[in-house]
Amino acid sequence: MRDYLARVSRHAMVKKIRDQGLDLLEVSRDERVLDAGCGPGDMAARFAALGAHVTALDSDPAMVEAAGEIPGVTAQRGDLATFDSPAAFDVVWAERVLQHVPDPDRVVGNLVRATAPGGRICLVDVDWSGLVVDGVDDELADRVLGVFRTLVPNPSMGRTLRRRLVRQGFRTVEVTAFLGVSTELADAAAVIPVLDERLIPAPGAWFSALRDADERGEFLMALPVYLVLGAA
């Protein structure tokens, strides 16, 4: 998993989304920042480099250990479903986390309560229901992608982020949508698990079809990602 997350962090689309989020948040020195579901701490490191006081939270001990090695970052193990730190942070960041949790509204509520008056919260997530692949048989693609979406607890999370913040009382929520497009299988497989046979069990015919499409120069993948910013 850590290797996969490292590949994702290096991907141009992910870098673009994170850069946009940082620009919108305008994090200042000494602000208190929560990186919720921090993974190995890539974003926590960027916040710390800005002079913020960063808390990195994750349920995976290996990720907490990795984030804890970053200078200026305090890493903690915790469950976002039970997280309770009222008004403790000026900035809250949660990237590609809500698609995985059993009760996303509860988690969003906890993150909103953790945001101090005048603070900002930024949520980033994927809409796997919008993932398309071209260059392979449509029926095969529909079948494999349909099964893949059942493996994600909240596959359409990205497009729901705005309304979840609105329901929490935010009157101003800024939405930025990204469409990641790739015409090279290796590039796409670096961030899309269902295109990487090391990560997802799928029919051999699927991966053969992907490779054939790539060799013919016909492969295309597109995936929508949403970033929402709410001001408390």
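Residues numbered from 1 in each chain as written. Predicted model: local features only at pLDDT ≥ 70, side-chain atom pairs only at ≥ 80, totals over all residues. Heavy atoms only, no water.

Visitor: Quick question: what am I supposed to make of the overall build of the protein chain here?
Guide: Per the secondary structure count, the protein chain includes 9 helices and 8 strands. A compact globule built from 232 residues would reach a C-alpha radius of gyration of about 17 Å, and the protein chain, at 18 Å, matches this within 12%. Overall size of the protein chain, expressed as C-alpha extent along the three principal axes, is 55 × 35 × 30 Å. A buried classification covers 53% of the 232 residues belonging to the protein chain. Taking as baseline every contact in the protein chain between residues at least 6 positions apart, the subset at least 24 positions apart corresponds to 73%. As displayed, the protein chain offers around 11,000 Å² of accessible surface, 49% of which is attributable to carbon and sulfur atoms. Once the 25 positive and 34 negative side-chain charges of the protein chain are each reduced to a mean point, those two points are 5 Å apart. (Helix = DSSP H or I, 4+ residues; strand = E, 2+ residues; numbered from the N terminus. Rg over C-alpha atoms; globule rule 2.2 N^0.38 Å. Buried < 20%, exposed > 50% of the residue type's maximum accessible area, 1.4 Å probe, protein only. Contact = heavy atoms within 4.5 Å. Areas by Shrake-Rupley, 256 points an atom, 1.4 Å probe, with all protein chains shown as cover. Lys, Arg positive; Asp, Glu negative; His and termini not counted. Charge placed at Lys NZ, Arg CZ, Asp CG, Glu CD.)

Visitor: Where do I start with the state of the cysteines in this structure?
Guide: Disulfides are covalent bonds that link the sulfur atoms of two cysteine residues. Considering all chains together, one arrives at 0 disulfides under this definition. Take Cys122: it sits in no disulfide, and the sulfur closest to it among the cysteines is that of Cys38, at 16 Å. (Disulfide = S-S within 2.5 Å.)

Visitor: Would you mind going over helix α3 (residues 42–49) with me for this structure?
Guide: Because each turn of an α-helix spans 3.6 residues, side chains separated by three or four positions in sequence point in the same direction. What α3 keeps buried is the set Met43, Ala44, Phe47 and Ala48. All buried residues of α3 project into a common sector of 140° when viewed along the axis, lining one side. Against the buried residues of α3 lie α2 (12–25), β1 (32–36), β2 (53–58), β3 (73–77) and β4 (89–95). At the C-terminal side of α3, Gly51 shows a positive phi close to 90°. (Arc of directions from axis to C-beta.)

Visitor: What is the right way to look at the pattern of salt bridges in this model?
Guide: Side chains carrying opposite charge are able to pair once their charged atoms draw close together. Under the defined criterion, the tally for this structure stands at 10 salt bridges. The shortest N-O distance in the salt bridge between Asp90 and Arg32 comes to 3.1 Å. With Asp90 in strand β4 and Arg32 in strand β1, this pair connects stretches of sequence that are 58 residues apart. One salt bridge in this structure joins Glu197 and Arg211, with 2.9 Å as the shortest N-O distance. (Salt bridge = Lys/Arg side-chain N within 4 Å of Asp/Glu carboxyl O.)

Visitor: Just checking my understanding: could you explain the nonpolar core for this structure?
Guide: Grouped together as the largest cluster of nonpolar side chains are 57 residues, with contacts concentrated most on Val194, Leu195 and Trp206. Residues within four places of Val194 in sequence aside, it is in contact with Leu131, Val144, Leu145, Phe148, Ile200, Trp206 and Phe207. Grouped together as the second largest cluster of nonpolar side chains are 24 residues, Ala36, Val107, Val112 and Leu165 included. (Core = buried A, V, L, I, M, F, W, Y, C linked by side-chain atoms within 4.5 Å.)

Visitor: Is there a simple way to think about the packing of aromatic side chains in this case?
Guide: Within a pair of aromatic rings, the relevant descriptors are the distance that separates the centres and the angle that separates the planes. Across all of its chains, the model carries 3 aromatic pairs by this definition. Ring geometry for Trp128 and Phe148: centres 5.2 Å apart, planes at 90°, overall edge-to-face. Of this pair, Trp128 sits in the loop between β5 (115–126) and β6 (132–134) while Phe148 sits in helix α6 (residues 138–150), and the two are 20 residues apart along the sequence. In this pair, the class of Trp128 matches that of Phe148, namely buried. (Phe/Tyr/Trp six-rings, centres within 6.5 Å; stacked < 30°, edge-to-face > 60°.)

Visitor: Teacher, can you tell me more about the environment of Glu215 here?
Guide: If you trace the backbone, Glu215 turns up in helix α9 (residues 204–216). Between the C-alpha atoms of Glu215 and Glu184, which are 31 residues apart in sequence, the distance is 9.3 Å.

Visitor: Is there a simple way to explain unusual backbone geometry in this structure?
Guide: Most peptide bonds take the trans form, and the phi angle of most residues other than glycine is negative. In this structure, Glu26 takes a positive phi of about 50° despite not being glycine. By the secondary structure assignment, Glu26 is in the loop between α2 and β1. At Asp30, a residue that is not glycine, the phi angle is positive and equals roughly 75°. Following the sequence through the fold, Asp30 ends up in the loop between α2 and β1.

By themselves, these figures tell us nothing about what the structure is for.
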